[in-house]
Amino acid sequence: EEELNSIMEEQRYQEMLSELYNLRESMDANDVFVVVLDTEVMKNYTPEAFGNKTWKPIYYIADCYEQPEYNYKLGDKGGILPEFREEVYTSYVNGERNPDFYISTSEFGFNMTAMYPVVENGKSIAFVCVEIPMKTLNDNIRKFVVATAVSSSFIVIICLLLAIWVIYKTVISPIELI
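This one's a predicted model, so the numbers in the text were calculated from it and none came from an experiment. (Residues numbered from 1 in each chain as written. Predicted model: local features only at pLDDT ≥ 70, side-chain atom pairs only at ≥ 80, totals over all residues. Heavy atoms only, no water.)

### Comments concerning the layout of surface pockets
Item 1. Volume-wise, the largest pocket comes out at about 940 Å³.
Item 2. Per-element accounting of the lining of the largest pocket gives the leading share, four residues, to strand 4 (residues 102-106).
Item 3. Taken together, the residues of the lining of the largest pocket sort by class into 16 nonpolar, seven polar and seven charged.
Item 4. Roughly 160 Å³ of volume is contained in the second largest pocket.
Item 5. In terms of lining residues, the second largest pocket is bounded by 14 residues, among which N30, E66, P133, K135 and T136 are the most central.
Item 6. Of all the elements in the fold, those that place two or more residues in the lining of the second largest pocket are helix 2 (11-27), strand 5 (109-120) and helix 6 (134-177).
Item 7. Of the residues assigned to the lining of the second largest pocket, the class counts are five nonpolar, four polar and five charged. (1 Å grid on protein atoms, 1.4 Å probe; cavity = no way out; pocket = protein on both sides within 12 Å on 5 of 7 lines; lining within 4 Å. Points joined across faces, edges and corners; volume = space filled by probe spheres on them. Helix = DSSP H or I, 4+ residues; strand = E, 2+ residues; numbered from the N terminus. Nonpolar A, V, L, I, M, F, W, Y, C, P; charged D, E, K, R; others polar.)

### Remarks on the nonpolar core
One broad trend across soluble globular proteins is that nonpolar side chains are buried collectively.
Item 1. Core analysis: the largest hydrophobic core is formed by 17 residues, its most contacted members being V35, L37, V88 and F127.
Item 2. Those elements that place two or more of their residues in this core are strand 1 (31-37), strand 2 (58-63), helix 5 (85-94) and strand 6 (123-133).
Item 3. Leave out the neighbours within four places in its chain, and V88 touches L37, M42, I80, Y102, M115 and F127. (Core = buried A, V, L, I, M, F, W, Y, C linked by side-chain atoms within 4.5 Å. Buried < 20%, exposed > 50% of the residue type's maximum accessible area, 1.4 Å probe, protein only. Contact = heavy atoms within 4.5 Å.)

### Topic: unusual backbone geometry
Item 1. The backbone of D28 sits at a positive phi, close to 55 degrees, despite the residue not being glycine.
Item 2. Relative to the helices and strands, D28 is located in the loop between helix 2 and strand 1.
Item 3. Its relative accessible area of 48% is what places D28 among the partly exposed residues.
Item 4. Even without being glycine, N121 reaches a positive phi, approximately 55 degrees.
Item 5. By secondary structure assignment, the location of N121 is in the loop between strand 5 and strand 6.
Item 6. Classification of N121 by relative accessible area gives exposed; the value is 77%.

### A short note on the packing of aromatic side chains
Item 1. Scanning all chains against the criterion turns up three aromatic pairs.
Item 2. Consider the rings of Y92 and F127, whose centres lie 5.2 Å apart with planes at 55 degrees: the pair is tilted. Within this pair, whereas Y92 is found in helix 5, its partner F127 is found in strand 6, the two being separated by 35 residues in sequence.
Item 3. Looking at Y92, the relative accessible area reads 7%, which means it is buried.
Item 4. Under the relative-accessibility criterion, F127 is labelled buried at 1%. (Phe/Tyr/Trp six-rings, centres within 6.5 Å; stacked < 30°, edge-to-face > 60°.)

In structure tokens, the structure reads:
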């Protein structure tokens, strides 16, 4: 416990947390966190262990949740949803990001989580994870659609004005000269 507290107070650890908080804010995410996967615990999953919350295959390195009172601390254990256990395990063991995102629900609504393995010397040593609320994604999609519709409308208006000008110059203007 004392060793973990001293690590959390180190400048390098604080700098990493600061960068993770900045990343979370720039992405408009709920959470950015770093975890280590205990592969032995992952292999020993049972529905009973998950149900009584004794199956905790991840150890938190850092957690930057937008509500700090919910943050996990260095060394805290946590769980993952059982339906994602095979994909998470495979991604960790292979050291490759799973192209799928993990959609889950919490007291704050639906969330989408991306997990990216941190690989050193060909072996996964941790996951960097980003959790974004689906509401944020839907808002971003809505903004994109509106921006695309406005831009398209502007382009159509410019093309119409250009077409009217060309027709005027090539058809109407010569007739007026007669």
